[in-house]
Structure formats: structure tokens, C-alpha cells
Amino acid sequence: KKTRKKKNKNIDMFSLSSSSISMISTPSKPSSSRGGRGKAFFCSSDDGGGSNGDDDALLRDKTLLSKRDLMKRVAGGASVMLSSSSGLILPGLVPSGAFAAAGEEASSASVALPKIPRTEVPLKFTQEYPSAVIKGCWQLSGGHKGDPADDRTSKDKGAVEDFETFVNAGITTFDTGPTACGYGDSELVIGDFLKRNRNSEQCRVHTKLCCVGREQVAMTEKWVKENAFDVPSKRLGGLKKIDMVQMYWNDYGSSQYIDCALHLTDLKAKGLIGSVALTNFNTKKMEEMINKGAEISSNQIQYSLLDRRPDLKMNEFCKASGVKLLPYGVLAGGFLSSKFLETDVKDVVLDTGSKRKDSSV
């Protein structure tokens, strides 16, 4: 998340979407259904801790702005964004050929889009500048195949080759994870690409350490090194250093997430990983780790126009502490796109993991 000095005081949220390339602009304060200020889009669950939050509270919250009206406003705003040459886009509203790869000419009807830049400031505790839009790789896990006719989510269907198009567009940072975190073979796909591509030195890889079993009560430094570096570095093509490792933890009944964060900080000091990060942690737990000396650079959380939980506590804490937020699901699995305008909910098929995850919101 990055704040820019613009007249409309908007916050630009750069997508970690699992199924699309996107950059969307959202109001700094949510609006009510009739133009006044209110608590529209807020969810009364946790403050952005993803699956670690109080998910049931999502369903208890009363939305002041209907989702249909919201999508209409988003689509309308996107059209303005395109016409103003601001470079902000939404899927379904980009003319054909707008994402032509380097060296290719877009069609005469398309809009020439700038190459995605790197962030203007580095991640905390690092000198790393990830690309301002990050390619999420959850769609390579096997749960996002969608229509078989145009499926490109596996190595034998073009998934490896597709990375070059992203890199040509300036999207050089990839978010992935191990099978235990639901990412299937995505690390292996990235590894194949890095070994094949002569320009891979410009790429950055963010993977995850998935703590979901007995390791949560029997955490050891050896286990952390094996699963945060030894195993993923081999799957990623033999990397000597992993740019970011994001810790996932699903049981707050054990406080050993603090020990794990400190073990990761030690690996960073040894030069094996570039930055220590979190995914789906809430503000309280993140603050505990930082107070114990963990060098936390970022927290990856679900954040969109429909899911505004980070606005409750996390945004302010991150502004004060310097920890960056890496939002995923900013297009709500595709629901915030023109494809679903005026669509009857009965006709919506939840055929991907992203759609299923965001349908509860």
C-alpha cells in the first residue's frame, strides 16, 4: 500500500491478486449508499488477519452500500481512470492488446500503458524495491483452472512461458508458497522460469513458511531453516537467497510464532533470506513479534473495496511502524470487474479458489 499526494487523496492499493494483474484506487474513507460518509464496506471481524480473523463476523456486518451499486461505481470509476491516462486499470475494461509485451505493437484501438515501476521506497529493514504490482501465483495451485479451453495454470499449459509477459510489463516480483499453504507446484513453475530466463536476476520471489501442525508447539531453528530456505530454494531453481519469506500461522493458542519470527530474522542476518514477512496475521500478534525484536517488513492480507478490515486497526499501526501491507484479493476474486455487473447471483459459478474465498464477503 502506498499513499501518494494527489488532489483526491486516494490510496493506491497494488494487487497481490491470485488471478489477475491489477492496480485499483480506493477512497481513503468509505462512503455510504447515498453519498454521505458512513461505514460502508466495513467488516466487523478482525482487522485484516485473513483466515486468522473472526470470519463469522463478516456475515453479521450490515453493508450500507449494495454490492451491485458498488460494482457499478467501481466500473464507472475505472472508465474515468483509463480516459485520464492515470494508468489505473480494472480487468474487463482494458482494450484488447493493451498489455502487449515489450517489442510488440498494441492494436490501434488499445491504450498504451506504462511499464509497471518498482516501489518508491524499500521494504523496512531491507534495500529491496519490489515491483509495484506483484504477480500472485495461487492460481497455479490447481484450484483456479476455470474453463479448460483457455487454462494456462500448469507447466504443460503455458504457465512457465507466461511469466515472461509479466516481466516484460515490469511485473518482476512473484508471490508463491509451498504445497502446505495451498500453492501446489507454483514454486516449481517459478523455478523453471528462473532457470530458463536470462533476465531472471531482475526478478524477486516472495514465498511462505507454512506453520500448521505440530511445529506450532515444537518450533525449532532447524525446522525453520529447512522449510523457510533449504526446501523452497531447491524448488525455486537453486536460489542462493530467497527475497522474502512470509510466515503463515493458523493457531494463536500457541505463541511460538514469536520464536519462529526470530528464527527467520536470524536467517535474514545470515543472508539466506532478504526480508521477514507475515501473511494473514492480525495487528496484535504482529506488534508482539516486533516488540520482541523480529524484523518484520510486511504483512500480506486480504483487502478490497468489499473487505475493509485493515481499516479498523492495521492501517494505522503499519503507518506508525513502517511495516508495509501487501494486499491480495483486491478485485475480490474477479467479482469487482465488469463481467459480473447485472449478473444474477444464481448464475455465478464458484469455479475458482478465489471466488469461493471472496463469496462469503
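Residues numbered from 1 in each chain as written. Predicted model: local features only at pLDDT ≥ 70, side-chain atom pairs only at ≥ 80, totals over all residues. Heavy atoms only, no water.

For the pair helix 3 (residues 159-168) and helix 4 (residues 186-196), the least separation of the axes is 9 Å and the interaxial angle reads 65°. Like other packed secondary-structure pairs, helix 3 and helix 4 cross with a definite hand, here right-handed. Across the interface between the two elements, Ala159, Val160, Glu161, Phe163, Glu164 and Val167 of helix 3 pack against Val189, Ile190, Asp192, Phe193 and Arg196 of helix 4. Taken together, the residues of the contact of helix 3 with helix 4 sort by class into seven nonpolar, no polar and four charged. (Axes fitted to C-alpha atoms, helices over the stretch in contact; angles between N-to-C directions. Helix = DSSP H or I, 4+ residues; strand = E, 2+ residues; numbered from the N terminus. Left-handed = near helix turned anticlockwise from the far one by under 90°. Contact = heavy atoms within 4.5 Å. Nonpolar A, V, L, I, M, F, W, Y, C, P; charged D, E, K, R; others polar.)

What follows covers helix 6 (residues 257-269). When the terminal C-alpha atoms of helix 6 are compared, their 18 Å separation across 13 residues agrees well with the 18 Å that a helix rising 1.5 Å per residue should span. Residues of helix 6 that are buried: Tyr257, Ile258, Cys260, Ala261, His263, Leu264, Thr265, Leu267 and Lys268. Buried residues in helix 6 make contact with strand 6 (204-211), helix 5 (221-235), strand 7 (244-249), strand 8 (276-279), helix 7 (283-291) and strand 9 (296-302). Downstream of helix 6 by one or two residues, Gly271 has phi in the positive range, about 85°. (Expected span 1.5 Å × (residues − 1). Buried < 20%, exposed > 50% of the residue type's maximum accessible area, 1.4 Å probe, protein only.)

All right, on to the packing of aromatic side chains then. For any pair of aromatic rings, the description rests on two quantities: the centre-to-centre distance and the angle between the ring planes. On inspection of all chains with the given rule, the structure shows eight aromatic pairs. Ring geometry for Phe163 against Phe174: centres 4.8 Å apart, planes inclined by 80°, an arrangement best described as edge-to-face. In this pair, Phe163 is assigned in helix 3 and Phe174 in strand 5 (residues 173-175), connecting sequence segments eleven residues apart. Its relative accessible area of 0% is what places Phe163 among the buried residues. Feature note: the residues Trp249, Tyr252, Tyr257 and Phe281 constitute an aromatic cluster, connected by ring pairs. Here the basic side chain of Lys285 rests over the ring of Tyr252, its NZ or CZ set 5.2 Å away from the ring centre. (Phe/Tyr/Trp six-rings, centres within 6.5 Å; stacked < 30°, edge-to-face > 60°. Lys NZ or Arg CZ within 6 Å of the ring centre and 35° of its normal.)

A few words now on the nonpolar core. The biggest cluster of nonpolar side chains holds 47 residues, and the ones touching the most others in it are Leu209, Val224, Met247, Leu264 and Met289. For this core, the element with the most residues is helix 6, which contributes six residues. Within the second largest apolar cluster, nine residues are counted, among which are Leu306, Val330, Leu336 and Val361. (Core = buried A, V, L, I, M, F, W, Y, C linked by side-chain atoms within 4.5 Å.)

This next bit is on the pairing of strand 10 (residues 324-328). Across the five residues that make up strand 10, a large majority, four, are buried. Of the pairings in the sheet, the one linking strand 9 to strand 10 comprises five bridges and is parallel in character. Of the residues in strand 10, the one forming a bridge with Asn299 is Leu325. Crossover strand 9 to strand 10 through helix 8 (residues 314-321) is right-handed. (Pairing = 2+ DSSP bridges. Right-handed = clockwise from strand over helix to strand, strands pointing away.)

The next point concerns the sheet that holds strand 10. Pairing is parallel across the open sheet formed by seven strands, whose spatial order is 4-5-6-7-8-9-10. The open sheet has two edge strands with one neighbour each: strand 4 (135-136) and strand 10. Its contacts with the sheet place helix 6 against strand 6, strand 7, strand 8 and strand 9, and it is angled at close to 170° to strand 7.

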